[in-house]
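One-letter residues, chain by chain:
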Amino acid sequence: RGDLLAVGDYEGFISIFDEDGNILKKVDTGQRSIIGLDWHPNENIIAAVGEEITLYHYESGNLKSIVDRNEEIEVLMLCVAWHPSGDFIATGDYGDFEQGYPTLLQYWTSYGEKIKSIEESKAEYRNLKWSSDGELLATASEKIRLWNRDGELVKEEISEDLLWGIDWNQDDTKIVGTDAIGNIIFWNRELDEIAQIK
């Protein structure tokens with residue numbers, strides 16, 4: 001693990017590099033853009049999102065596309081993360097409040113079948129990240145939220161500004177986030193804010 005790097009671009013391609021920076025593959029997903037991607041924790045499978053979900057198997061070259069909503073207006077997906085077990089993925093999207101399409105956090109099987117759609121956020125999901133133990137999913141929107149593996153909300157705390165980035169520390173005891181105006185915020189696992197860098 002760690003010997004391949006995948007990069008998505010705004011023209012719908014996934015480029016895969018080796019550890020020396022040599023390009024090994026350039027894959028046309030058929031999407032207009034790739035906004036987020038994540039490697040499967042145990043296999044060379046990439047989940048990528050833009051206006052739909054793409055599952056790409058590096059060895060076989062198999063490419064599968066999953067269209068989320070059968071609506072005239074495409075809703076952009078912004079983030080994707082495999083559960084540490086590799087059994088399913090979570091995605092977060094932009095929604096379209098003007099057109100009445102809610103922002104969704106969604107869980108999908110590893111085969112691209114929808115498990116659950118959650119309407120909770122009042123703003124787009126800019127980022128999401130599983131704790132390494134797989135117990136909690138942290139999401140960044142107008143609040144920081146923690147979800148369990150079944151998609152149930154465990155805890156949430158409001159943020160002064162929209163959150164963009166999110167990640168866990170190595171032992172899953174702290175979370176770091178960035179907001180839309182460049183602040184860095186630290187929380188513990190109970191979502192008590194412990195520090196902020198402006």
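Going along each chain's sequence as written, the residues are numbered from 1 onward. Totals for whole chains, interfaces and linings use all residues, but because this is a predicted model, local features are given only for residues with pLDDT of at least 70 and pairs of side-chain atoms are given and counted only at 80 or more. To get the side-chain values, all heavy atoms of the structure are used, and hydrogens and water are removed first.

Asker: Requested: an account of the overall build of the protein chain, with residues and values cited.
Answerer: Going along the chain from the N terminus, every DSSP run of H or I of four or more residues is numbered as a helix, and every run of E of two or more is numbered as a strand. Helix and strand content of the protein chain: zero helices and 19 strands. Restricting the calculation to C-alpha atoms gives the radius of gyration, and the globule rule supplies 2.2 Å times the number of residues raised to the power 0.38. Over its C-alpha trace the protein chain gives a radius of gyration of 17 Å, about what one expects of a compact globule, namely 16 Å for 198 residues. The principal-axis extent of the C-alpha atoms belonging to the protein chain is close to 45 × 40 × 30 Å. Only protein chains enter the accessibility calculation, which uses a 1.4 Å probe; a residue is then buried when its area is under 20% of its type maximum, exposed when over 50%, and partly exposed in between. Considering the protein chain as a whole, with its 198 residues, one finds that 47% of them fall into the buried category. Counting contacts in the protein chain only where the partners sit at least 6 residues apart, residues at least 24 apart contribute 37% of the total. Contacts are residue-level and defined by heavy atoms, with any inter-residue pair within 4.5 Å sufficient.

Asker: Provide a residue-level description of the pattern of salt bridges, including the pertinent values.
Answerer: The term salt bridge refers to a side-chain nitrogen of Lys or Arg lying within 4 Å of a carboxyl oxygen of Asp or Glu. For the coordinates displayed, the defined rule picks out seven salt bridges. Between Asp68 and Lys114 there is a salt bridge; the shortest N-O distance is 3.2 Å. Linking Asp68 in the loop between strand E7 (63-66) and strand E8 (77-82) with Lys114 in strand E11 (residues 114-118), this pair joins segments that are 46 residues apart in sequence. With a relative accessible area of 12%, Asp68 lands in the buried category. Taking the relative accessible area as the measure of exposure, Lys114 reaches 44% and is therefore partly exposed. When the shortest N-O distance is used, the salt bridge between Arg126 and Glu124 registers 3.0 Å. Classification of Arg126 by relative accessible area gives partly exposed; the value is 22%. With relative accessibility at 11%, the residue Glu124 sits in the buried group. Connected via shared salt-bridge partners are Glu142, Lys143, Arg145 and Glu156.

Asker: Go over the sheet that holds strand E2 (residues 13-18) with me, naming the residues and quoting the values.
Answerer: Hydrogen bonds between backbone groups are what pair the strands of a sheet, and the pairing can be parallel or antiparallel. A pair of strands counts as paired when DSSP detects no fewer than two bridges linking them. Across the sheet, three strands lie side by side as E1-E2-E3; this open sheet has antiparallel pairing. Both outer strands of the open sheet, strand E1 (4-8) and strand E3 (23-28), are each paired with one neighbouring strand and no more. Going across the sheet, the axis of each strand differs from the next one's by a mean of 15°, ignoring polarity. Of the strand pairs in this sheet, E2 and E3 are connected by five bridges, and their pairing is antiparallel. Bridge pairing in E3 links Ile14 to Val27. Angles here are taken between N-to-C directions and fall from 0 to 180 degrees, while the axes themselves are lines fitted to C-alpha atoms, restricted in helices to the stretch in contact.

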